[in-house]
Amino acid sequence: MGIIKAKNLIYNYIRRDEEEKVEEISEAVKDVSLDIEEGEFVAVLGHNGSGKSTLAKHMNALLLPSEGTIWIGGMDTKNDESLLEVRRLAGMVFQNPDNQIIASVVEEDVGFGPENMGVPTDEIWRRVDECLKAVGMTAYRQSSPDRLSGGQKQRVAIAGVMAMEPRCIVLDEPTAMLDPNGRREVIRTVRELNKKKGITVILITHYMEEVIHADRIYVMDEGEIAMEGTPEEIFSRVDELKALRLDVPQVTELAYGLRNKGVPLSPCILDIEGLVRELIEIRRQRTAP
Ligand code: ADP
Ligand code: MG
């Protein structure tokens with residue numbers, strides 16, 4: 001069993017009126033089964049309302065399944081006794097860093113989680129040092145979070161989660177409120193945590209260009225997993241992605257069209273530079289003596 005495993009997971013939001021009568025049921029997650037191995041970098045793609053956040057909240061027991069089961073590190077989240085252990089194992093990073101940063105000095109903010117967990121002071125400072133370094137924010141340790149850019153704040157929020165030493169980090173659209181630079185910083189940071197520290201990463205996003213380095217991608221639609229595969233596999237199914245209302249980058253679509261016409265391009269082309277580089281290489285090979 002992987003570090004996160006769900007079997008026939010169903011979640012319904014139920015709205016009730018004043019007399020507790022059910023007014024509306026919204027089936028947010030319909031029947032999701034998945035299995036994520038420790039150390040994997042998994043991306044979850046899907047348009048708005050496809051159930052990504054609802055699924056994410058099951059990964060650290062913020063929500064419990066209406067039906068079916070989810071195990072985190074082998075623990076069934078419905079089991080009350082494992083709640084703390086589940087939360088410790090799987091850290092969450094949300095969209096808005098402002099809602100996650102509590103302290104008025106960066107280093108204190110990063111130390112807040114372990115302090116709450118009763119970690120000894122020496123060890124807290126060791127972790128603060130290490131985590132700020134890992135996200136490239138050591139130079140700002142004495143700064144006020146208010147003075148940081150969105151991308152920097154989000155990196156501090158990630159350091160704060162890391163300081164609790166989770167085995168797995170679930171990031172729910174962590175770049176949605178950032179500019180392109182901030183987005184790149186955050187994605188680079190997350191990739192490094194995965195590669196260097198072996199932390200399992202679940203990255204939820206609706207930006208296709210952020211998932212190219214994932215080991216595996218799940219695409220959600222209407223509460224279900226509509227597609228699963230490596231980036232190469234997923235990106236070579238452009239028509240299906242568009243049918244699922246995902247924004248396929250124009251250049252990816254162009255490369256897809258060219259591939260269908262027999263130009264030997266790789267499926268994961270996401271920017272003009274990548275396309276140009278490959279076209280030049282193909283031309284070089286064709287004109288080589
Ligand atoms: P995503 O993160 O992919 O945008 P969500 O998991 O937030 O999707 O939402 C999935 C579905 O559940 C949507 O139809 C949404 O309207 C509904 N939903 C989400 N949160 C609530 C809630 N608190 N109460 C009722 N319905 C909700
Ligand atoms: Mg969401």
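Since this is a predicted model, take the numbers as computed values, not measurements. (Residues numbered from 1 in each chain as written. Chains lettered and ligands numbered in written order. Predicted model: local features only at pLDDT ≥ 70, side-chain atom pairs only at ≥ 80, totals over all residues. Heavy atoms only, no water.)

Enquirer: Would you mind showing me how to read the overall build of the protein chain here?
Expert: Each helix and strand counted, the protein chain has 10 helices and 10 strands in total. Relative to the globule expectation of 19 Å for 289 residues, the C-alpha radius of gyration of the protein chain, 21 Å, shows essentially globular dimensions. Its C-alpha atoms give the protein chain principal-axis dimensions of about 70 × 55 × 35 Å. Across the 289 residues in the protein chain, those meeting the buried criterion constitute 49%. (Helix = DSSP H or I, 4+ residues; strand = E, 2+ residues; numbered from the N terminus. Rg over C-alpha atoms; globule rule 2.2 N^0.38 Å. Buried < 20%, exposed > 50% of the residue type's maximum accessible area, 1.4 Å probe, protein only.)

Enquirer: Mind showing me how you'd approach the site of ligand 1 here?
Expert: Residues in close proximity to ligand 1 include Y13, S26, A28, H47, N48, G49, S50, G51, K52, S53 and T54, which together make up its full environment. In the environment of ligand 1, an oxygen atom lies 2.7 Å from a nitrogen or oxygen atom belonging to the backbone of G49. Here an oxygen atom of ligand 1 sits 2.8 Å away from a polar atom, N or O, in the side chain of S53. If ligand 1 stood free it would expose 560 Å²; the protein chains cover 57% of that surface. Among the elements of the structure, β2 (22-36) and α1 (52-58) are those that each provide at least two residues to the shell around ligand 1. With 3 residues, the single largest contributor to the shell around ligand 1 is α1. The residue makeup of the shell around ligand 1, split by class, is 2 nonpolar, 8 polar and 1 charged. (Near = heavy atom within 4 Å. Polar contact = N/O pair within 3.5 Å; in protein donor to acceptor, adjacent residues only side chain to side chain. Areas by Shrake-Rupley, 256 points an atom, 1.4 Å probe, with all protein chains shown as cover. Nonpolar A, V, L, I, M, F, W, Y, C, P; charged D, E, K, R; others polar.)

Enquirer: In this structure, what is going on with the pattern of salt bridges? I would like to understand it.
Expert: In the structure shown here, the tally under the stated rule is 24 salt bridges. In this structure, D35 and K5 form a salt bridge, with 3.9 Å as the shortest nitrogen-oxygen distance. Of the two residues, D35 is situated in strand β2 and K5 in strand β1 (residues 4-16); the sequence distance between them amounts to 30 residues. Assessed through its relative accessible area of 28%, D35 is described here as partly exposed. The salt bridge partner of K52 is E173, with a shortest N-O separation of 3.7 Å. Taken together, the positions of K52 in helix α1 and E173 in the loop between β7 (168-172) and α6 (180-197) put the pair 121 residues apart, joining distant regions of the chain. Residue classification places K52 among the buried positions, given a relative accessible area of 4%. Each of E123, R126, R127, E130, E165 and K197 takes part in salt bridges that share partners, so that together they form one network. (Salt bridge = Lys/Arg side-chain N within 4 Å of Asp/Glu carboxyl O.)

Enquirer: Help me understand the sheet that holds strand β4 (residues 67-72) in this model?
Expert: Either a parallel or an antiparallel arrangement is found when strands of a sheet pair, and the pairing is made through backbone hydrogen bonds. The 4 strands lie next to each other as β2-β1-β4-β5, forming an open sheet whose pairing is antiparallel. At either end of the open sheet lies a strand with only one pairing partner, and these are β2 and β5 (75-76). Sheet topology places β1 next to β4; 5 bridges connect them, and they run antiparallel. Paired with I4 across the strands is I72, a residue of β4. (Pairing = 2+ DSSP bridges.)

Enquirer: Please explain empty space enclosed by the protein as it appears in this structure.
Expert: Within this structure, the stated rule accounts for 1 cavity of 30 Å³ or more. Computed from the structure, the largest cavity encloses a volume of approximately 30 Å³. Forming the boundary of the largest cavity are F235, S236, T252, A255, Y256, R259, S266 and P267. In terms of residue count, the dominant contributor to the lining of the largest cavity is helix α9 (residues 250-260) (4 residues). When its residues are assigned to classes, the lining of the largest cavity shows 4 nonpolar, 3 polar and 1 charged. (1 Å grid on protein atoms, 1.4 Å probe; cavity = no way out; pocket = protein on both sides within 12 Å on 5 of 7 lines; lining within 4 Å. Points joined across faces, edges and corners; volume = space filled by probe spheres on them.)

Enquirer: Got a minute to help me understand the layout of surface pockets in this structure?
Expert: Empty space among the atoms becomes visible once a probe the size of a water molecule is rolled across them. In this model, the largest pocket occupies a volume close to 590 Å³. M92, G113, G160, V161 and M164 are the residues nearest the centre of the largest pocket, which is lined by 21 residues in total. Here the element with the most residues in the lining of the largest pocket is helix α3 (residues 106-116); it accounts for 4 residues. Among the residues forming the lining of the largest pocket, the class breakdown is 12 nonpolar, 6 polar and 3 charged. Of the voids in this model, the second largest pocket is the one considered here, and its volume is about 410 Å³. Taken together, P180, R183, R184, I187, R188, R191, E209, E210, I212, H213, L270 and D271 make up the full set of residues lining the second largest pocket. Taken together, the residues of the lining of the second largest pocket sort by class into 4 nonpolar, 1 polar and 7 charged.

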